[in-house]
There are 2 protein chains.
Amino acid sequence: MGDEEQKLTERGRGRPKTDPRDAETRLRLIRAGLEIATERGYVATGVGEVLRRAAAPKGCFYHYFKDKEDFGLQLIDAYEEFFAKMLDRCFENRALSPMNRLKAFVDAAKAGMEKHQFRRGCLVGNLGQEIASLSDAMREKLIGVMEDWQGRTAGCLALAQDMGELSVSRNVDELAAFFWIGWEGAVLRAKLELRADPLDSFAKVYFHLLKK
Amino acid sequence: MGDEEQKLTERGRGRPKTDPRDAETRLRLIRAGLEIATERGYVATGVGEVLRRAAAPKGCFYHYFKDKEDFGLQLIDAYEEFFAKMLDRCFENRALSPMNRLKAFVDAAKAGMEKHQFRRGCLVGNLGQEIASLSDAMREKLIGVMEDWQGRTAGCLALAQDMGELSVSRNVDELAAFFWIGWEGAVLRAKLELRADPLDSFAKVYFHLLKK
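Residues numbered from 1 in each chain as written. Chains lettered and ligands numbered in written order. Predicted model: local features only at pLDDT ≥ 70, side-chain atom pairs only at ≥ 80, totals over all residues. Heavy atoms only, no water.

## Here's the deal with the overall build of chain A
Within chain A, the regular secondary structure consists of 10 helices and zero strands. Ordering the α and β elements of chain A from the N terminus gives α-α-α-α-α-α-α-α-α-α. When each of the 212 residues of chain A is scored for burial, the buried share is 49%. For chain A, the share of sequence-separated contacts (at least 6 apart) that also reach a separation of at least 24 residues comes to 65%. (Helix = DSSP H or I, 4+ residues; strand = E, 2+ residues; numbered from the N terminus. Buried < 20%, exposed > 50% of the residue type's maximum accessible area, 1.4 Å probe, protein only. Contact = heavy atoms within 4.5 Å.)

Here is the structure:
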């Protein structure tokens, strides 16, 4: 059983029986939506293009999603799930010191952008920029996601204090919020310049300024 | 003579004679474009809506602009001009120490966002986020604007070193780039949260980390 099928089987547990091909189509639609929205934003993500890219039959979109808003909310959920796993992989890597775990996140996120020639940014950042066109439900969800990432990062920084890597006089919640504000800015800039330099220069100065 | 008329008269000097109402209409179109694009982004800025908001007659758009791309490039020019004046006002204020000049910019930019209930962001940040939908000419122009702002900021930080406010061991170019990467992230977040907190918390940590 492939990873994908395994995941789908797990997802299905305890739910009403669904045709596995159905679940797979939903997943393909979500993936296509993430690809388009991380590149061009949510407003520019048309249902027709999502269906074409997912090679899904016309009309099936509304079988899985109430409307585009519902699709958008589910895109954020899927992105949050994917991202939380990446953060866990980095922040719970006991082979690394806590500060190096945060650096490992920077490297992983950079590799993710490089893979798509810096054309795709962060879904949360993209949607944040388009917030004037989005609903309050989306706004609240996006703020919640950012706060979750900040909380995990603050935990990593607190561990860095425990291990003597970061001065205990620092406020880890403030530093975590500062990291995410800056990181989203760096991702935006990397997309603009189509290169890693903004990610590198943000990370270099951030870690330098935090040195004990 | 009002400020506005004065400006228009000065602009007209040395140029072929134009009907002053013509120049005024162009200015109104640019203003309307800036209002919509800083709020909802450039892709969502429709020519029809620009004309309506500017109360300009239909069809006159193409009298002033070759196409929407040309309009977009001129929006960046206008925003850059407006922003350069604000930066000059802050960075050349001899009544303040250099670090306080940078803080004065933060306050001025924050006041600018507050005035519109944090619904309008930075044009350059917005367009940067939409870059996948924009031309290479726009990309280059936007990168140039960011580099100009960074250069001015590096100058201010170098002055802070001369005055003993900032350690000479710091690299002012790196710190200026870091400031702008983070600031654009903070503006994005302030738009998402509809409040000043992200601007404040970014500035607080930035200035704290730079303390000698």
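## A word on the relation of the copies chain B and chain A
When chain B is fitted to chain A, the residual RMSD is 0.0 Å, and the transformation amounts to a turn of 180 degrees plus an axial shift of 0.0 Å. Here the transformation between the copies is reduced to the relation of a two-fold axis. Comparing contact sets, 100% of the residues at the interface of chain B also lie at the interface in chain A, consistent with an isologous, same-surface contact. (Least-squares fit on C-alpha atoms with pLDDT ≥ 70 in both.)

## Overview of the pattern of salt bridges
This structure, assessed with the given rule, holds 28 salt bridges over all chains. The partner of Lys204 of chain A in a salt bridge is Glu174 of chain B, with the nearest N and O atoms 2.5 Å apart. Here Glu174 of chain B lies in helix H9 (residues 172-193) and Lys204 of chain A lies in helix H10 (residues 197-210), a pairing that spans two chains. What makes Glu174 of chain B partly exposed here is its relative accessible area of 27%. The partner of Arg152 of chain B in a salt bridge is Asp148 of chain B, and the shortest N-O contact between them spans 3.0 Å. Of the two residues, Arg152 of chain B and Asp148 of chain B are both situated in helix H8 (residues 136-162); the distance of four residues between them amounts to about one turn of the helix. The class for Asp148 of chain B is partly exposed, based on a relative accessible area of 26%. Linked by salt bridges that have partners in common, Glu35, Arg40, Glu49 and Arg53 of chain A make up one network. (Salt bridge = Lys/Arg side-chain N within 4 Å of Asp/Glu carboxyl O.)

## So, the packing of aromatic side chains
In total, this model carries 51 aromatic pairs over all chains according to the counting rule given. With 5.1 Å between their ring centres and 75 degrees between their planes, Phe61 of chain B and Tyr62 of chain B make a pair best called edge-to-face. Centre to centre, the rings of Phe178 of chain B and Tyr206 of chain B are 6.1 Å apart; their planes meet at 20 degrees, and the pair counts as stacked. Taken together, the positions of Phe178 of chain B in helix H9 and Tyr206 of chain B in helix H10 (residues 197-210) put the pair 28 residues apart, joining distant regions of the chain. When sorted by exposure, Phe178 of chain B lands in the same class as Tyr206 of chain B, which is buried. Looking at Lys68 of chain A, its charged tip hangs above the ring of Tyr42 of chain A, at a distance of 4.2 Å from the centre. (Phe/Tyr/Trp six-rings, centres within 6.5 Å; stacked < 30°, edge-to-face > 60°. Lys NZ or Arg CZ within 6 Å of the ring centre and 35° of its normal.)

## Brief notes about the domain arrangement of chain A
Residue and element names in this part refer to chain A. Entries for chain A in the domain assignment read domain 1 (1-65) and domain 2 (68-212). Each partner contributes to the interface: domain 1 provides 21 residues, whereas domain 2 provides 21 residues. Contact with domain 2 buries surface across domain 1, with Thr38, Glu39 and Tyr42 losing the most and accounting together for 38% of the total. Across the domain 1-domain 2 interface, the total number found is zero salt bridges. Among the elements of the structure, helix H2 (20-40), helix H3 (47-53) and helix H4 (61-64) are those that each provide at least two residues to the side of domain 1 that touches domain 2. Class assignment for the residues of the side of domain 1 that touches domain 2 results in 12 nonpolar, four polar and five charged. (Domains from an automatic or database assignment. Buried area = accessible area lost by both parts, 1.4 Å probe. Nonpolar A, V, L, I, M, F, W, Y, C, P; charged D, E, K, R; others polar.)

## What about unusual backbone geometry?
Residues and elements named next belong to chain B. Positive phi, normally seen in glycine, also occurs at Ala55, with a value near 50 degrees. Within the fold, Ala55 resides in the loop between helix H3 (47-53) and helix H4 (61-64). Given a relative accessible area of 62%, Ala55 falls into the exposed group. The phi torsion at Leu194 lies on the positive side, around 55 degrees, for a residue other than glycine. Residue position: Leu194 is located in the loop between H9 and H10. Of the residues examined, Leu194 reaches a relative accessible area of 28% and is grouped as partly exposed.

## A few points about the packing of helix H6 (residues 98-115) of chain B against H9 of chain B
Residues and elements named next belong to chain B. The contact between H6 and H9 brings their axes to 12 Å, and the two run at 25 degrees. When the interaxial angle is binned, H6 and H9 end up roughly parallel. Every pair of crossing elements has a handedness; the one defined by H6 and H9 is right-handed. Every residue of H9 that contacts H6 at Leu102, Phe105, Val106, Ala109 and Met113 is listed here: Phe179, Trp180, Trp183, Val187, Ala190 and Lys191. Among the residues forming the contact of H6 with H9, the class breakdown is 10 nonpolar, no polar and one charged. (Axes fitted to C-alpha atoms, helices over the stretch in contact; angles between N-to-C directions. Parallel < 35°, antiparallel > 145°, perpendicular 65-115°, else oblique. Left-handed = near helix turned anticlockwise from the far one by under 90°.)

## Considering the interface of chain B and chain A
Opposite the 39 residues of chain B that make contact, chain A presents 39 residues. At the boundary of chain B with chain A, total buried surface from both sides reaches about 3700 Å², with 66% on carbon and sulfur atoms. Considering only the surface of chain B that becomes buried against chain A, Gln129, Ile181 and Leu192 of chain B emerge as the three largest contributors, covering 20% of it. Connecting chain B to chain A are two salt bridges. Applying the counting rule to chain B against chain A returns eight residue pairs in polar contact (both at pLDDT 80 or more). At the level of secondary structure, the elements contributing two or more residues to the side of chain B that touches chain A comprise helix H2 (20-40), helix H7 (123-129), H8, H9 and H10 of chain B. Here the side of chain B that touches chain A gets 13 residues from one element, more than from any other, and that element is H9 of chain B. (Polar contact = N/O pair within 3.5 Å; in protein donor to acceptor, adjacent residues only side chain to side chain.)

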